[in-house]
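# Breakdown of the fold
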Amino acid sequence: MSEHTIRLGPFSPPLQSERAALEDEAQALDLAVANADVPAGSSAALLQVQGVSIDYRTRERVVRATHRVGFDVHAGDRFVLLGASGCGKSTLLKSIAGFIAPSEGQILLDGRAVTRPGPDRVVVFQEFDQLPPWKTVRDNVMFPLLASRSVGRQEAADRAALYIDKVGLSKFADVHPHQLSGGMKQRVAIARALAMQPQVLLMDEPFAALDALTRRRMQEELLSLWDEFRFTLIFVTHSIEEALVVGNRIAILSPHPGRLRAEVNSHQFGLNSLGGADFQATAQRIHRLLFDEPGAAAVPGSVQADAEALTPGRQGGVPLVTPKRPVGALPFQISV
Ligand SMILES: Nc1ncnc2c1ncn2[C@@H]1O[C@H](COP(=O)(O)OP(=O)(O)OP(=O)(O)O)[C@@H](O)[C@H]1O
């Protein structure tokens, strides 16, 4: 695939015309369109998600959260799962973490099937209460290292000191979480995750509960940590802006149940691109890929609203909105 690649997801027959229009859209974007039906899974990939459907079963019904999603993540990728609320992003992340088994398909890490959680995959959540409140910052960071017996006590202490320093909290190593701001708690969670030196760092909307300025700062800090450590990141967000800033590759999921709609390379964008014409144009096109009738004029109030929200000064990220006009009916609907 070329440097600027868009990989469209598989479409069933009723949606072929939609696919054709999306291909036009991709060409307008000057992006190459890959063959959608080529299954994900090149041998070089660190993580392979292959045809993964995930169902929640309750007594009354079955809720399909994702439908046959496939993608590859390579070492050092900053891979973003982008989609509207309820499209199954968190579910997919939990499945990669090993908390939820797929109903069909499989997830391979380094060629081995993921069947349970492990220290090679660490999750940073959105919630500020992910840190045990009775432990100091230092003990919080050391805890998973010791509990997983990944390293001995001295190595755990050294790693904790290193990563606490990297997130700028050395002076707070001996305080408890309730003495920290929301942003500081998230920094501790990031230090704790990085100290584990996982094969894949999973982040589920880690900055969504922060104010706009702190969120921007945290995005900046995450990117500079990545510059230094080059970890492999899978990052969930429903903000187009955040996806473009944080990711080098973006998987766009359709509304519930989530299917891979397209994959976009976004390595050319960073915090400095915010507000630029290219950035805004790509954000608008991603929005169209997510929600709008392909090739159709912008739905009043949606794309336009995003364009406005992307102007400098509106720094809270661009929340995706429920489409006013949904993309064609999906050919499967177990239950919603
Ligand atoms: N424990 C559960 N039991 C039943 N259904 C669930 C459960 N958890 C999630 N779901 C359903 O699965 C679908 C996907 O949910 P999920 O939280 O993965 O979406 P999401 O894209 O992460 O949404 P958000 O951005 O709002 O967090 C939704 O329809 C949701 O209602």
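Just so it is clear, the model here is predicted, and its values are computed rather than measured.

The rules behind the values
Residues numbered from 1 in each chain as written. Predicted model: local features only at pLDDT ≥ 70, side-chain atom pairs only at ≥ 80, totals over all residues. Heavy atoms only, no water. Helix = DSSP H or I, 4+ residues; strand = E, 2+ residues; numbered from the N terminus. Buried < 20%, exposed > 50% of the residue type's maximum accessible area, 1.4 Å probe, protein only. Polar contact = N/O pair within 3.5 Å; in protein donor to acceptor, adjacent residues only side chain to side chain. Near = heavy atom within 4 Å. Areas by Shrake-Rupley, 256 points an atom, 1.4 Å probe, with all protein chains shown as cover. Contact = heavy atoms within 4.5 Å.

## Describing the side chain of Arg 216
- Mapped onto the fold, Arg 216 is located in helix 6 (residues 212-229).
- According to the relative accessible area criterion, Arg 216 is buried, its value standing at 10%.
- Here the side chain of Arg 216 touches Gln 219 through a polar contact of 3.0 Å, side chain to side chain.

## Looking at the site of the ligand
- With respect to spatial proximity, the complete set of residues near the ligand consists of Tyr 56, Ala 65, Ala 84, Ser 85, Gly 86, Cys 87, Gly 88, Lys 89, Ser 90, Thr 91, Glu 205 and His 256.
- A distance of 3.1 Å separates an oxygen atom of the ligand from a polar backbone atom of Cys 87.
- In this structure, an oxygen atom belonging to the ligand sits 2.5 Å away from a side-chain N or O atom of Thr 91.
- Here the ligand, which alone exposes 630 Å², has 62% of that area covered by the protein.

## Describing the side chain of Asp 77
- Following the sequence through the fold, Asp 77 ends up in the loop between strand 4 (62-73) and strand 5 (78-82).
- The exposure class assigned to Asp 77 is buried, which follows from its relative accessible area of 7%.
- If sequence neighbours within four positions are ignored, Asp 77 has contacts with Trp 226, Phe 231, Thr 232, Leu 233, Asn 248 and Arg 249.

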